[in-house]
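Letter by letter, the chains look like this.
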Protein chains: 2
Amino acid sequence: MSLHPVLIDGQWRTSSSTSGFQAMNPQTRQWLPDQFPISDWDEIESAVSAAYKAFDIVRNWPGARFAEFLEAYALEIEQRIDTIVATANSETALPVEPRLKGGEMVRTLNQIRQGAAAARDGSWKQPVIDTATGIRSMLGPIGPVVVFGPNNFPLAFNSIAGGDFVAAIAAGNPVIAKGHSSHPHTTMLFAQAAHVAATATNLPPGFIQLIYRTSHSDGARLVSHPHVGATGYTGSRKAGLALKEASDRVGKPIYVELSSINPVFFLPGALEERASALVDEFVGSCLMGVGQFCTNPGLVVLPRGEATESFISAVGEKFAAAPVGTLLGDGVATGLKQAITKLQEAGAVLVTGDSAADPNRCCAPNTLLRTTGADFLNRPDAFQEEAFGNCSMIVVADDVREMRLIAESLEGNLTGSIYSATSGADDASYDLIAPALRQRVGRLLNDKMPTGVAVSPAMNHGGPFPATGHPGFTAVGIPASLRRFAMLQCYDNVREHRLPAELQNTNPTGTLWRTISGQPTQSDVPA
Amino acid sequence: MSLHPVLIDGQWRTSSSTSGFQAMNPQTRQWLPDQFPISDWDEIESAVSAAYKAFDIVRNWPGARFAEFLEAYALEIEQRIDTIVATANSETALPVEPRLKGGEMVRTLNQIRQGAAAARDGSWKQPVIDTATGIRSMLGPIGPVVVFGPNNFPLAFNSIAGGDFVAAIAAGNPVIAKGHSSHPHTTMLFAQAAHVAATATNLPPGFIQLIYRTSHSDGARLVSHPHVGATGYTGSRKAGLALKEASDRVGKPIYVELSSINPVFFLPGALEERASALVDEFVGSCLMGVGQFCTNPGLVVLPRGEATESFISAVGEKFAAAPVGTLLGDGVATGLKQAITKLQEAGAVLVTGDSAADPNRCCAPNTLLRTTGADFLNRPDAFQEEAFGNCSMIVVADDVREMRLIAESLEGNLTGSIYSATSGADDASYDLIAPALRQRVGRLLNDKMPTGVAVSPAMNHGGPFPATGHPGFTAVGIPASLRRFAMLQCYDNVREHRLPAELQNTNPTGTLWRTISGQPTQSDVPA
């Protein structure tokens, strides 16, 4: 068996491991030919050592150095676009167009360049200068970051090209990327481009590294290693919780994005006003990408009545009529079926979804479930099981007051949406539900489905547990996402020439925003 | 046994508990007469319910409402200063002057008023408005906060008057204060003042509450309760880790400040240049407050040589000659003796500290220990045992390179100090040690002892684990400390009249700083 090499300490090295794995083509359920190594602990530890050494070299580099790498990396990726998207398509079944090439790749390049701009600008470090006391502080890099990418965005959240990677690098940290096992070849292509760019921009060996897979116990050892600064993880709740526990035990920041069912509340006036448009909007959002978005609307809450029954019938018909998309892999298909079974065991009833699935590809029928508000409130935990994929559950509440109780019984989510009448007829109901929902979601939407996560500086792709591990941070949105991979570094009475440039009296760029004596400013420290 | 009541849901209630405790006067080792309840779970849960209800009421209040409370509270405290400091003196043995009245009380009132100003100003929420996408976000209150105050600052870190309390309230959260068992009466006096102020400023019942003590298991249940938003804890490592584990398991932010030995590095040129001044500075800092500061310099690293031996002798003599202060309680004295024994078992040698302690008060001799760099590097964990109190350990390194290795072997600390020659003679040594120390401490000092934590907007009273649980946050410094008790709240396509005032087009105060389309500004959103 010939295994692809790993990228460690500036070299593509033959893995010291003898065990390997292959990815599956979800469209055919055939194994793809390339073999990738499952790294052993020695190999993982050598990556940590190299990252630690690299960090010591770059610790005080200006952000412009990291920006140069990111910009060079974007150019290298642009030379490989067609290969990367074709490979990602074979590993994930996501369509080349409009998804991979015109969508995710554009976003990926955009994120990398936004990260470069943020690194160059430096304002994300939030420098604070208190001239009265001689104390100055800012956010500084936290040290080597481990990035575990998810299965569902092979480009834009790829462990060595996506949002967490960009944020960690732009903040000045080496990255050890742990590729997702479902798209190793795609990840390898990115890593090749990154390695060329890193070499061309004179980054130290060990600044960017890639391993493909580890055992669960080695993953836990890695994230809790004394020389690791922080970890970014997006993926399954079970694996993420194990990593979180290991990191928490040694007090290392870990940013996990675990699961979210993204509740959508339809208020009576909205249904009355524009039911047919809402059906289309919901079906489109729910089945897009075969429902494999972190922000997929998995729970819909409506008030009992004829309009709701019509809505459910119409959605059910469209689900049944829509083509059945190919899922990312057998694991996703199996997980989806198990979750649907659990929801049925809890008492949910199938509206549609009992057709047979094509055994020659990874898939499951478009599935719509329903239950009552009373049943939901009786077992809120059971009904909040995430069914990742082309599935959603409808909860028919007795009235708006029960909708509020449902909102109060929700776990933390990335998003929560409320649709209301444009006339204002739903405003009292909105005011009842919105405060409870607000506290339980990272992003509150009005009259809009949660899928589509703009890379906006105001975006919050985060939320209370179990959506993420800390509701104060976002994984998307630059520069805010950089702040996850930073520590607060204070300088007390430190001689001026020893301060980082951002904290010296002269504004190092002339455009850096700093807070001096309580006021944001781009000026120098007054003489 | 007559137990003092607890403050729950807006009332001073007879505790439902039948078990109680008393504080000790450390100056006499006599129990003080007042009895305070150990709350049972029902009582604790009723506090959580009341806080949850209160939060629903205040969720959208402008910061000015919380500012009014804090300002009224400061006035109420000012009417009780003499009683509070006299009580604190009897419970902690800290002197009324200069410590309690002229020092801590002034700081406490200052913090409360700074918190009020930050709440009124609102810029701590860091509003971000992206007009291109219609997405807006800011930090918002996280929900009921539990505050566990420490033993060593009965006023400035008091659970119902200190830094964490102020930060949580100023951020708009109800607080459930869990008083420290060593100064319940002091805490009760603050709570009485707070209750009067809360009533006068029309805060809902349940917004501020006080319990005195819980079992360890009930403490863990409390911090992980679904209706609790976050926890602030300052205290012992063992109890703090148990609470952290409980919070981490349910993904609730908990800000723990656990232990710190605050390493101080003296470089050769500094010793040569001003040894006698350094002796005085170190002895003063180490014995101040009987060494009972989180930032007490507990570890001193020097290069081998005559100057170092003279330094050690001089410090040892001053330690032996200095009056032996009274510790906060028997627990502190016992813990200190145990830690010294552990350090000796690891191989540290007593320079001074073998005199007998006065059995009629809580105390231990001023203790100085020493070891070699080689021994330290051989067992770095054992030598980093925190000896909380009037004790410090000196590590004599072979040379500056070994000092760097020691810096690299350190756990996370609140502070790290480096003393160097004013001539620049130590600059190369500084450049060797500072980067390693920088990454392991929250606050890096030059030529200054770490005790004395200014309430500056640039202060970082935080640091990597085990100093705290997350190196991105500070417990001191306003407005930064408020951000611990907040969640990132994003609004996507939300109708303008439903947005919080801080995110609407018109700047609500005219002075609020917001980032609009990437630029900090006090202007309205352009039409």
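Residues numbered from 1 in each chain as written. Chains lettered and ligands numbered in written order. Predicted model: local features only at pLDDT ≥ 70, side-chain atom pairs only at ≥ 80, totals over all residues. Heavy atoms only, no water.

J.: Tell me what's going on with the packing of helix α3 (residues 81-92) of chain A against helix α6 (residues 184-200) of chain A, and back it up with residues and numbers.
T.: Residues and elements named next belong to chain A. In the contact formed by α3 and α6, the axes pass within 8 Å of each other and the chain directions differ by 160 degrees. With respect to their mutual orientation, α3 and α6 come out roughly antiparallel. The handedness of the crossing between α3 and α6 is left-handed. Here α3 contributes Thr83, Ile84, Thr87, Ala88 and Glu91 to the contact with α6, which in turn contributes Pro184, His185, Thr186, Leu189 and Phe190. (Axes fitted to C-alpha atoms, helices over the stretch in contact; angles between N-to-C directions. Helix = DSSP H or I, 4+ residues; strand = E, 2+ residues; numbered from the N terminus. Parallel < 35°, antiparallel > 145°, perpendicular 65-115°, else oblique. Left-handed = near helix turned anticlockwise from the far one by under 90°. Contact = heavy atoms within 4.5 Å.)

J.: Now, about the interface of chain B and chain A: what can you tell me, with residues and values included?
T.: Reports of interface size often rely on the accessible area that becomes lost once the parts have come together. Counting from both sides, the interface comprises 71 residues of chain B and, opposite them, 71 residues of chain A. Of the roughly 5,800 Å² buried at the junction of chain B and chain A (both faces included), carbon and sulfur atoms supply 48%. Its largest share of buried area at the contact with chain A, chain B owes to Gln439, Leu488 and Arg498 of chain B, together 11% of the area lost on that side. Where chain B touches chain A, the interface holds ten salt bridges. Among the ionic pairs, Asp56 of chain B bridges to Arg404 of chain A, the shortest N-O distance being 3.2 Å. The interface formed by chain B and chain A includes 56 residue pairs in polar contact (both at pLDDT 80 or more). The element that contributes the greatest number of residues to the side of chain B that touches chain A is strand β21 (residues 486-492) of chain B, accounting for seven residues. Classifying every residue of the side of chain B that touches chain A gives 31 nonpolar, 21 polar and 19 charged. Bridging between strand β20 (residues 441-446) of chain A and β21 of chain B involves three bridges; their strand directions are parallel. Each residue of the ladder has a partner; that of Arg443 of chain A, found in β21 of chain B, is Cys490 of chain B. (Buried area = accessible area lost by both parts, 1.4 Å probe. Salt bridge = Lys/Arg side-chain N within 4 Å of Asp/Glu carboxyl O. Polar contact = N/O pair within 3.5 Å; in protein donor to acceptor, adjacent residues only side chain to side chain. Nonpolar A, V, L, I, M, F, W, Y, C, P; charged D, E, K, R; others polar. Pairing = 2+ DSSP bridges.)

J.: Please provide a residue-by-residue account of unusual backbone geometry, values included.
T.: Here Phe465 of chain A and Pro466 of chain A are connected by a cis peptide whose omega angle stands at 5 degrees. Structurally, the position occupied by Pro466 of chain A is in the loop between β20 and β21 (486-492). Of note, the bond from Glu97 of chain B into Pro98 of chain B is cis; its omega dihedral lies within 30 degrees of zero at 5 degrees. By secondary structure assignment, the location of Pro98 of chain B is in helix α4 (residues 96-121).

J.: Let's hear about the environment of Ala197 of chain A: which residues, and what values?
T.: Residues and elements named next belong to chain A. By the secondary structure assignment, Ala197 is in helix α6. On a C-alpha basis, the gap between Ala197 and Ile77 in space is 9.5 Å, while along the polypeptide they are 120 residues apart. Discounting chain neighbours no more than four positions away, the residues touching Ala197 are Phe69, Ala72, Tyr73 and Glu76.

J.: Quick one: what's the story with the relation of the copies chain B and chain A, residue by residue and with numbers?
T.: After a rotation of 180 degrees and a shift along the axis of 0.0 Å, chain B superposes on chain A with an RMSD of 0.0 Å. Such a combination of turn and shift is consistent with a two-fold rotation axis. When each C-alpha of chain B is compared by its distance to the rotation axis, Asp248 of chain B comes out closest, at 3.4 Å. Of the residues that chain B buries at the interface, 100% are likewise interface residues in chain A, meaning the two copies contact each other through the same surface. (Least-squares fit on C-alpha atoms with pLDDT ≥ 70 in both.)

J.: Please provide a residue-by-residue account of the pairing of β21 of chain B, values included.
T.: Residue and element names in this part refer to chain B. Counting buried positions along β21 yields seven of seven residues, so the element is predominantly enclosed. Of the two faces of β21, both are covered, the one formed by Ala486, Leu488, Cys490 and Asp492 as well as the one formed by Met487, Gln489 and Tyr491. The pairing of strand β8 (residues 135-141) with β21 spans seven bridges and is antiparallel. Residue Ser137 lies in a different strand from β21, and its bridge partner there is Cys490. (Buried < 20%, exposed > 50% of the residue type's maximum accessible area, 1.4 Å probe, protein only.)

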